[in-house]
Amino acid sequence: KGKKVFLDLKFHDIPNTVGNAVSSAVGLSKMLQVKEAVSLLTVHIVGGSEMLQYAVKAAQTKARELKVARPKILGITVLTSDVGMTNTREVVLQRATLAYDNGLDGVVASCQEAAYIRQKFGKDFIIVTPGIRPAGQDAQDQKRVATPSEAIQSGSNFLVVGRPIVKASNPLQAAKQVLKEMS
């Protein structure tokens, strides 16, 4: 239908396996006969430099081979449900640096770290922020949450708003509320 797809599968395995998975994701464009089946996809940064490099190279190679758009590759920093660290900001910035140094297009990070990432890596580094909850809504299993307006103000490019919309009694109204909070 021409919509952009965020393939949030959080690939994390040995470098060759991740490279093959990314190549398959890019290959969806050919299978579906579209220029861009997957716009964004995710890998776990903790997989290390070699794994990240395989992911980037696989995306570039397959996109060039099929003459389709290369998806932007985003690295997962720390899950927003993870609160076991005392130095979360430092860990997120270390992982964002690893993502940047290995050619990823951006990261997935909570609103609490987004401003620091934006300051360090500039406006072209993509930041996707999960754990978005409209003002006054329950955080559920998310620990490091933010409202849509907080995430936008912190420098996030894209917001992940799942259950507050899909589980709402009126999903359209819930989506409109999120958009209103973003503006």
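As a reminder, the structure under discussion sits directly above these lines.
Residues numbered from 1 in each chain as written. Predicted model: local features only at pLDDT ≥ 70, side-chain atom pairs only at ≥ 80, totals over all residues. Heavy atoms only, no water.

Undergrad: Would you mind going over the nonpolar core in detail, with residue names and values included?
TA: The biggest cluster of nonpolar side chains holds 35 residues, and the ones touching the most others in it are V22, L41, V43, I73, V107 and I117. For this core, the secondary structure elements donating two or more residues are β1 (6-11), α1 (15-32), β2 (40-44), α2 (49-66), α3 (88-101) and α4 (111-121). A per-element tally of this core places α2 first, with eight residues. Apart from the residues lying within four places of it in its own chain, the contact partners of V43 are K10, F11, V18, M51, L52, A55, I73, L74, G75, I76 and L104. Formed by nine residues, the second largest nonpolar core is a distinct cluster that contains C111, I132, A146 and A174. (Core = buried A, V, L, I, M, F, W, Y, C linked by side-chain atoms within 4.5 Å. Buried < 20%, exposed > 50% of the residue type's maximum accessible area, 1.4 Å probe, protein only. Helix = DSSP H or I, 4+ residues; strand = E, 2+ residues; numbered from the N terminus. Contact = heavy atoms within 4.5 Å.)

Undergrad: So, α1: which residues are in play, and what are the values?
TA: The terminal C-alpha atoms of α1 lie 26 Å apart, and with 18 residues this matches the ideal 26 Å at 1.5 Å per residue to within 8%. The largest bend in α1 is about 30°, located at V26. Residues P15, V18, G19, V22, S23, A25, V26, G27 and S29 constitute the buried set of α1. For α1, the elements touching its buried residues are β1, β2, α2 and β3 (72-76). (Expected span 1.5 Å × (residues − 1). Bend = angle between axes of the 7 residues up to and from the residue.)

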